[in-house]
Structures are given as C-alpha cells and as structure tokens.
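# Structural overview
Okay, here's what each chain looks like letter by letter:
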Amino acid sequence: MSRIRALLLAVSVFMPQLLLSTNSGQAQGIPQDIPRKELLILENPEGTIKNAGWFNIWAINAGSQSNGLQQAALDTLWYIDPESGLDGVWSNSLAADMLQYNADFTEMTAKLRNGIFWSDGVEFTADDVISTVMTQIKNPGMRFSAVLTSNVASVDAPNPYTVVFKLKKPNSRFHTNFTVRWNAIWIMPKHVFEKVQDPAKFDFNKPVSLGSYVLNSYDPDGKWYIWQLRDDWQRTTIARYGKPGPKYLAYVDPGPPDKRVIAQLNHELDVIHDIAPEGMFALAKQSKSTRAWFKGFPYGHPDPTLPAVVFNTQNELFKNPDVRWALALLIDVKAVAMAAYRGAATISAIGVPPTGMHPAAYHQPMEEWLKGFEIDTGKRKVKPYDPTVGKQIADMLRPSMGEQIPADPKEIARAFGMGWWKTDPQAAQELLEKAGFSKRGAAWFAPDGKPFTVRVMVEGDLRPVMTRAGTMIVQQWKQAGIDAKVDVAQGTLPTRRAAGDFDTFIGWSVETWGGHQDLSYFMDSWHSQFVAEPGKSQPQRNWQRWASPALDKIIEETRTIGFDDPKSIELGKDYVKLAVKEMPTIPLMAYNVFTAMDQTYWTGFPTSENPYTDPVPNWGNSRSMFVKLKPAN
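Basis of the calculations
- Residues numbered from 1 in each chain as written.
- Predicted model: local features only at pLDDT ≥ 70, side-chain atom pairs only at ≥ 80, totals over all residues.
- Heavy atoms only, no water.
- Pairing = 2+ DSSP bridges.
- Helix = DSSP H or I, 4+ residues; strand = E, 2+ residues; numbered from the N terminus.
- Axes fitted to C-alpha atoms, helices over the stretch in contact; angles between N-to-C directions.
- Contact = heavy atoms within 4.5 Å.
- Core = buried A, V, L, I, M, F, W, Y, C linked by side-chain atoms within 4.5 Å.
- Buried < 20%, exposed > 50% of the residue type's maximum accessible area, 1.4 Å probe, protein only.
- Phe/Tyr/Trp six-rings, centres within 6.5 Å; stacked < 30°, edge-to-face > 60°.
- Lys NZ or Arg CZ within 6 Å of the ring centre and 35° of its normal.
- 1 Å grid on protein atoms, 1.4 Å probe; cavity = no way out; pocket = protein on both sides within 12 Å on 5 of 7 lines; lining within 4 Å.
- Points joined across faces, edges and corners; volume = space filled by probe spheres on them.
- Nonpolar A, V, L, I, M, F, W, Y, C, P; charged D, E, K, R; others polar.
- Arc of directions from axis to C-beta.
- Left-handed = near helix turned anticlockwise from the far one by under 90°.
- pLDDT = per-residue confidence, 0-100.

### Side note on the sheet that holds strand E15 (residues 308–311)
Strand order in the open sheet formed by five strands is E23-E22-E24-E15-E25, and the pairing between neighbours is mixed. Each edge of the open sheet is held by one strand with a lone partner, namely strand E23 (483–488) and strand E25 (585–587). Neighbour-to-neighbour, the strand axes of the sheet open up by a mean angle of 25°, direction not taken into account. Strands E15, strand E22 (453–458), E23, strand E24 (504–507) and E25 of the sheet are contacted by helix H15 (residues 464–479), whose axis makes an angle of about 165° with E22.

The structure is reproduced here in structure tokens:
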C-alpha cells in the first residue's frame, strides 16, 4: 500500500470521530478540579497499571515506573541526555561534580550537592546513597541487586556530602549505573526504608519525593496518576534550571492509538508517547496545534534504541547460532520496514542503533567487513550482507513521495540505513538442516520431531509499529514452513520479558547513550555474571540471556579504560563482529517514536530545531522538558 493510500485510509478511519467537537476539558477520568491551564497531560506508555499503588521502583513488581515516578519524583547522581541537554549533554544532578576514579578504576568518589531535601523535609545526604546500595545488596532480587553485588566491595561516607565506592575489580563504567539516560539506580530515602522489615515487599505508598513533584493522587484502577509541583521545588536539583512550568502533571492511559489521536484533537492529551505512522499523518493533516519532533516526514524522534528479534537463548530451540541465522535469512527487512513504519525507518544489520554518533563510529567503518563476512551453511559458504537494502527502501518510497526521498547516497544512508541481510531461503534451509531440523513437505520439524514452533511476543496496540513488525516477520516465517505465531503480551511484556516467558519478542536489549559512542550503557549488562538461571528474573537489558566468554573479555577490558578513551570504539567493533557471528538478536532498525505534542495549553516542547532533550514522555530526563514549558496564551 502506498503512503498516500495509507494516509487516506487512516483519515477515513478517524474522520467520523475527528468531527466531534473539540472540548477544552480534561478527559481520561482524572479529577476535574485541577485548572486545565496548570495541567500537563501525558501518555503513560505502560497503559493501565495492574498494581497501581506500588511505587517501590527498587523492587521488581507489576507497578509502573513511567507513571511520573522516575520522571518527576526521583533523582540520582548524574544525567546524560540523548540530545543536546539543557546545559550540555552531561548533567551533575545529586552529584556536585563529575565522577572521580583512582588510577586503576577500583575506586570511585562522588561529591554530593548540599541543600537538597526530600519532600518530607529530610535533607538528602550520603547516607541515602549508601542505603540505596546496601539495601539492594542485602536483598537479592531487587532491581539492581546483581550489578551492585558484583561490583561493590564497600561504600563509605567520609562526610555527609561525599561517597566513596570501593570496587571488587576495575570498572571504569561503574558510574553509568547512577547516570540517567532513560533510567538508572535511583536514590532511595534511608529514613523511610530503614524502618521497613522487607524492602522488597514494601509498596512505598505514598512515595517520598526527591524530584520537584510529589504525588497528588492516583486512580486505584491504574488509569491515571497526578503529580503536583512541590512548594519547596527550589530545594531540588532541577531548580538550578528554573521553575517547572506545569503545576500539575497527569500520566494517563489514553487507550488504543485511535483514541490517543482523538484525545489530542480534543486537547485532552498534551503529549502522545507513540502512535502508528497513520495516526501521525492524520494529526499532521487535521490539527494545527500538534507538533512532532520533525515538522514533516519522517516526523518521529529516532531513539538510541535498536528494535530486534530478541531470542530466549536459554530455550533449546535457539541455543544454536545456526538456527538464529536461519531465521534471520528468512526475513525481508524491506517488507518489515514498510509494515512497521510505512518506510520511515532506518535499518541496521549490526547490534548498534544507526542514530546519533554511531553511524560514523560503527556503521560506516564496518561496511567493508560486513561485505566480506561469510557464514558456513554446512554445504557452502555464503556472504549474506547486501549493502543496497537502504537504497532499495528509498527507491520503493520515491514513486509515492517524490522529492521527500533523497537521491544523495549519503542522505539515503542517514535516513533509511545502509545494508542488511539478504533474504536467502536456501541458505536458511541448509543452516536448519545443519542444526538437526528437518522439513517434511512444507513444514519444519525440530530435532526432537515436534513442529518447529516459534512464538513472537509483541506489545499489541501499546507499541503498534513493533507489533506490525512482529506480525510481518511471523508471516514470513510461516511462508517458509515454520509454525510461527504472534503472542500479544499487551501490558505484561516487561514482566514476561524479565521472567524469560517468551520464545522471541520484538523489542530491544540494545540501548545506547546516543550522543556518545561508548556502548557500555547496554554492553556491560550483557556480561555473563548477570545472566539469570532459567525461571529466575533477568536483570536489566540482557533479555536474550546470552552468555559469551568472548563478550565477557570485551566487557572486562572496556571496564579498565576511561569513558572517553578512543579504544572503547575498537572494543565496540569487536562486540559488533561477535554479535554478527552469534546473532543473539536479529537487529532490525532504529526505533522512531511518533511522539505528538499539542501546543494548545503548553509551548516550548523539544523539537529537532530546539533539541534540548527528547520529547518521549517516559524518559527519566524528560524532567528537562518541564522547566522549558510555558503556558500558551
């Protein structure tokens, strides 16, 4: 379907409801006694929260962390912005200065700000940092227990505003655990948790805030949360940038994509986290007050994340790299890009997002290596890389979009990506047979004689572009004779992902800083020391549960060099080569988020012209947006 036909279809679907009167009220079921001109309404992409009253972010539970908790109420030592930042990319938050390591990276010192207070009037000090660390070390299974236990030998405070971490072994990236890009190890209030018998079972309701907002109220059914600006907001770290504009923040579940569009057209939803491209096209056509990151195509903000087919490598079916490679060679990524984004996608064959500084650091320098890379099918060696796939996508779009599609090869690569893997059913068949699979008629069977069944978990309408990508991949695998099925997880995906309750899922385990070439944001968490046993909850990011001695060596060497050392890029390239050979995930494309911002009540949202932060409302650093927003006339 062409983009024009898709747009017309979207408009025809939405039009009957778009003609509804555009009320200036606040729907979503939130209290009506809050003045709309003081209220910023944002989508919580986690949807309706089952355990609505759970605010203990340090314990893994079914509660929400994107309901305003991490954005408005919590804080930690440092922030690093994926865009330009309020005052540069790096921000010293609870820390008063940059981190300090000793010569061999076995000790890290953090100097803390004074004059910062919790919302109940207790001063923030080094005791809170120590309590955050030791509570999680003493209670295995809490969110950051594994990373802190494996790294921290001791943590002490020579004075109330200095914390000294002594590490079990050199780790020049230890500070990144306390550095927010999306989230981080948030600091917990010692004076609250020291009174709790079991911190892993404590709901932290009502949460004591270290950020500039405090919880006002929430829906017991989990559909909305309201946060109110603290009277003493000056005693928080964000105050150095000014007073936040909105007095109230509402994080809501606005429902499926069509309802999000209607809510924004009715000015009842100021920030849509993400919608399908058709919804963005409809808003661009129907609303004069809606603004996206880009004014026009491709609209969406390119997050430094890498959507992929993520395998559960502890599943017997997917332990063999040959099987994972076979499934990769049965994918036509052009069709996936068209299905997911209507072509507004930037593909990537390697395990690094093609955004920010990464194309220059990784994609372009590794192109020749990719062209020469070979896999052994058991019968022959093949070169699977096709460097022209990005151009092919551009050529597919050009007839319907004309001059919006660049002709310059460099611009095509920037917009649509470089190359990807050839669709090669014959090589896939040879790899599966090499792994002990057999084909009977049109159907594939596993080595144990059972049908080769693959569930592909997707989030449903909570993340429509990823759902459509997964659906297309399932169709392609079915056509090849695999018993592939779409597994719609909806709001349970984070819980199931951590539990390992999936065969594959469409999502990401690769997340980067974006504005920095270092890959430790995700790579350090892929060390085998963090891989959980089957049936146990997996700590952050290595959702594929991939354990590799070769990767461990790369990570361990990275820990011994500085954050800005150019050698980290070379080690990053070593990771890329290993991940290509092993294929623990099948990288697809950058994640373009179609965040839509209504400027009826608030102005000053971040855009590509004013990129002080990204606009996506579930990020911890979206607090930067609050101090830039001003009431509209």
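### A look at the sheet that holds strand E5 (residues 107–111)
Taken in spatial order, the four strands line up as E4-E5-E7-E6 in an open sheet, and their pairing is antiparallel. Across the chains shown, the open sheet's two edge strands, defined by having one partner strand only, are strand E4 (100–101) and strand E6 (152–159). Sheet topology places E4 next to E5; two bridges connect them, and they run antiparallel. By the bridge assignment, Tyr101 is partnered in E5 with Met108. Packing against the sheet, helix H3 (residues 126–138) makes contact with E6 and strand E7 (162–167), and its axis sits at approximately 160° to E6.

### Some thoughts on the nonpolar core
Judged by nonpolar contacts, the single largest core of 118 residues is most densely connected at Trp421, Trp477 and Tyr575. Element by element, the count of residues in this core is highest for helix H19 (residues 567–582), at seven residues. Every residue in contact with Tyr575, bar those within four places of it in the chain, is listed here: Gly351, Val352, Val510, Leu519, Phe522, Met523, Trp526, Leu551 and Ile554. Counting residues in each nonpolar core, the second largest holds 72 residues, with Leu99, Ile130, Leu229 and Phe605 among its members.

### Overview of the packing of aromatic side chains
Going through the model one piece at a time under the given rule, you end up with 33 aromatic pairs. Pairing Trp526 with Trp546 gives two aromatic rings, centres 6.0 Å apart and planes at 85°, and the pair type is edge-to-face. Taken together, the residues Trp526 in the loop between helix H17 (520–523) and helix H18 (549–558) and Trp546 in the loop between H17 and H18 connect sequence positions 20 residues apart. Exposure remark for Trp526: the relative accessible area of 1% places this residue in the buried category. Here the aromatic residues Trp325, Trp369, Phe373, Tyr385 and Trp421 are joined through ring pairs into a cluster of three or more. Positioned above the aromatic ring of Phe117 is the side chain of Arg235, whose terminal nitrogen or guanidinium carbon lies 3.9 Å from the ring centre. The aromatic ring of Tyr79 is capped on one face by Arg623, whose charged end is 4.0 Å from the ring centroid.

### Structural notes on the layout of surface pockets
Quantified by volume, the second largest pocket comes out at close to 620 Å³. Where the lining of the second largest pocket is concerned, the elements lending two or more residues are helix H10 (358–363) and helix H13 (409–416). Looking at which element gives the most residues to the lining of the second largest pocket, the answer is H13, with seven residues. Of the residues assigned to the lining of the second largest pocket, the class counts are 16 nonpolar, 10 polar and three charged.

### As for the environment of Pro464
Along the polypeptide, Pro464 turns up in helix H15. Spatially, the C-alpha atoms of Pro464 and Ile275 are 6.8 Å apart, while their sequence positions differ by 189 residues. Excluding its chain neighbours within four sequence positions, the residues that come into contact with Pro464 are Pro257, Ile275 and Ala276.

### Structural notes on H18
Think of an α-helix as 3.6 residues a turn; residues three or four steps apart then line up on the same face. Every buried residue belonging to H18 is among Leu551, Asp552, Ile554, Ile555 and Thr558, and all of these are buried. Angularly, the buried residues of H18 cover 160° about the axis, an arc narrow enough to put them on a single face. Relative to its buried face, H18 has exposed residues pointing more than 90 degrees away, namely Pro549 and Lys553.

### A short note on the packing of helix H9 (residues 333–341) against H15
Relative to each other, H9 and H15 sit at 145°, their axes nearing to 7 Å. The handedness of the crossing between H9 and H15 comes out as right-handed. Of the residues in H15, those touching H9 at Ala335, Val336, Ala339, Ala340 and Tyr341 are Val465, Met466, Arg468, Ala469, Met472, Ile473 and Gln476. Split by residue class, the contact of H9 with H15 holds 10 nonpolar, one polar and one charged.

### Focus: the confidence of the model for the protein
If pLDDT is low for a region, its predicted coordinates should not be looked at in detail. Of the residues in the protein, 96% reach a pLDDT of 70 or more, and the chain-wide mean stands at 93. Here residues 1–24 is a poorly scored stretch, pLDDT under 50, and it has 39 contacts once near neighbours within four places are set aside; other chains count.

### Some thoughts on empty space enclosed by the protein
A full pass over the atoms with the stated rule returns seven cavities of 30 Å³ or more. Roughly 110 Å³ of volume is contained in the largest cavity. Lining the largest cavity we find 15 residues, and of these Tyr79, Asp81, Ser91, Tyr241 and Ser624 sit closest to its centre. Taken together, the elements giving at least two residues each to the lining of the largest cavity come down to strand E2 (78–80) and helix H20 (623–626).

### Regarding the side chain of Thr236
Relative to the elements of secondary structure, Thr236 occurs in the loop between strand E10 (224–229) and strand E11 (248–252). Filtering out sequence-adjacent residues up to four positions away, Thr236 remains in contact with Ile116, Leu210, Gly211, Ser212 and Arg230.

### Digging into the pairing of E10
Judged by how many residues are buried, E10 sits mostly within the fold: five of six residues are covered. Of the strand pairs in this sheet, strand E9 (residues 213–218) and E10 are connected by five bridges, and their pairing is antiparallel. Paired with Tyr218 across the bridge in E10 is Tyr225. With five bridges joining them, E10 and E11 adopt antiparallel strand pairing. When the sheet's bridge partners are listed, Ile226 is paired in E11 with Ala250.

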